[in-house]
Amino acid sequence: SSGPEKQPDQDLSLWRQLPLYAIGIIGGIILLALNFPGGGVIGAMVALAAVNIALRKQYVFPGRIMLIALLGVGASIGLEFTPEIVQTIKAMFLPIVGFSVLIVLSNLAVGWYIRHLTKGDMVTALLGSAPGGLSQMLVVAEEMNADGVAVSILQLVRLIVIITCIPLIAVLVV
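So, how was this worked out
- Residues numbered from 1 in each chain as written.
- Predicted model: local features only at pLDDT ≥ 70, side-chain atom pairs only at ≥ 80, totals over all residues.
- Heavy atoms only, no water.
- Helix = DSSP H or I, 4+ residues; strand = E, 2+ residues; numbered from the N terminus.
- Buried < 20%, exposed > 50% of the residue type's maximum accessible area, 1.4 Å probe, protein only.
- Contact = heavy atoms within 4.5 Å.
- Areas by Shrake-Rupley, 256 points an atom, 1.4 Å probe, with all protein chains shown as cover.
- Patch = residues over 30% accessible without salt bridge, like charges linked within 9 Å, V, L, I, M, F, W, Y side chains within 5 Å.
- Salt bridge = Lys/Arg side-chain N within 4 Å of Asp/Glu carboxyl O.
- Expected span 1.5 Å × (residues − 1).
- Arc of directions from axis to C-beta.
- Core = buried A, V, L, I, M, F, W, Y, C linked by side-chain atoms within 4.5 Å.

(A) Seen up close, the overall build of the protein chain. A tally of regular secondary structure across the protein chain gives 8 helices and 0 strands. Traced from its N-terminal end to its C-terminal end, the protein chain shows the element sequence α-α-α-α-α-α-α-α. Dimensions of the protein chain, computed from the C-alpha atoms along their principal axes, are close to 55 × 40 × 30 Å. Among the 174 residues that make up the protein chain, the fraction classed as buried is 21%. Pairs at least 24 apart in sequence give 50% of the contacts found in the protein chain among residues at least 6 apart. Here the protein chain has roughly 12,200 Å² of accessible surface; of this, 73% comes from carbon and sulfur atoms.

Structure representation (structure tokens):
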């Protein structure tokens, strides 16, 4: 046995939170500067994971800060909608519905398979295999009490595979 499991540190004073935020922001900025896909989220995640591992601690993001972050992500997604996007959706309604149904069905199949392989919960498996953005899936995972670490790992691998394979496939097909 590796000893008792560490409990997350939930009573962080502001002065203990600030260095953690700074480390996360720096990690995100580094990967953004390197044009790494999803660099802001992934860089912050990797930087703070390294801190947790190095310090042998687990910190919990304060609920009030998480709420602000969730509202920010929601506002960001909402701001992307324009009248032109609504017109495009109307013009492409049937193909959008068709491929959306296929995506949901394939996500259910992949999620079931991941759950079967990992013996984890279905919500985590579905969110980890969903074709959404990494940051959006992490927000949903947080709201649904899924395993955020598992979702982020699955999403990161999915993102890397798509970013490396799809351009190659496109070149070979065209």
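(B) Just a nonpolar patch on the surface, in detail. There is a patch of nonpolar side chains on the surface, built from Ile 77, Phe 81, Ile 85, Val 86, Ile 89, Phe 93, Leu 94, Val 97, Val 101, Val 104, Leu 105 and Leu 108 and spanning about 1,000 Å² of accessible area. Contributing elements (two or more residues each) for the nonpolar patch: α4 (83–91) and α5 (93–118).

(C) Structural context of helix α1 (residues 14–33). For α1, spanning 20 residues, the distance from its first C-alpha to its last is 28 Å, which sits close to the expected 28 Å at 1.5 Å a residue. Turning to α1, its buried residues number three or more, namely Gln 17, Leu 20, Gly 24, Gly 27, Gly 28 and Leu 31. Along the axis of α1, the buried residues cluster in a sector spanning 95 degrees; they form a single face. Along α1, exposed side chains directed more than 90 degrees from the buried face belong to Trp 15, Ile 25, Ile 26 and Ala 33. Against α2 (39–55) and α3 (63–79) lie the buried residues of α1. A positive backbone phi angle near 55 degrees is found at Asn 35, which sits one or two residues after α1.

(D) Expanded view of the nonpolar core. If you look at the biggest cluster of nonpolar residues, it comprises 6 residues: Leu 127, Ala 130, Met 137, Ala 141, Ala 146 and Val 151. Residues in contact with Leu 127, not counting those within four places in the same chain, are Met 137, Val 140, Ala 141, Met 144, Ala 146, Val 151 and Gln 155. With 5 residues, the next largest nonpolar core counts Leu 31, Ile 42, Leu 156 and Leu 159 among its residues.

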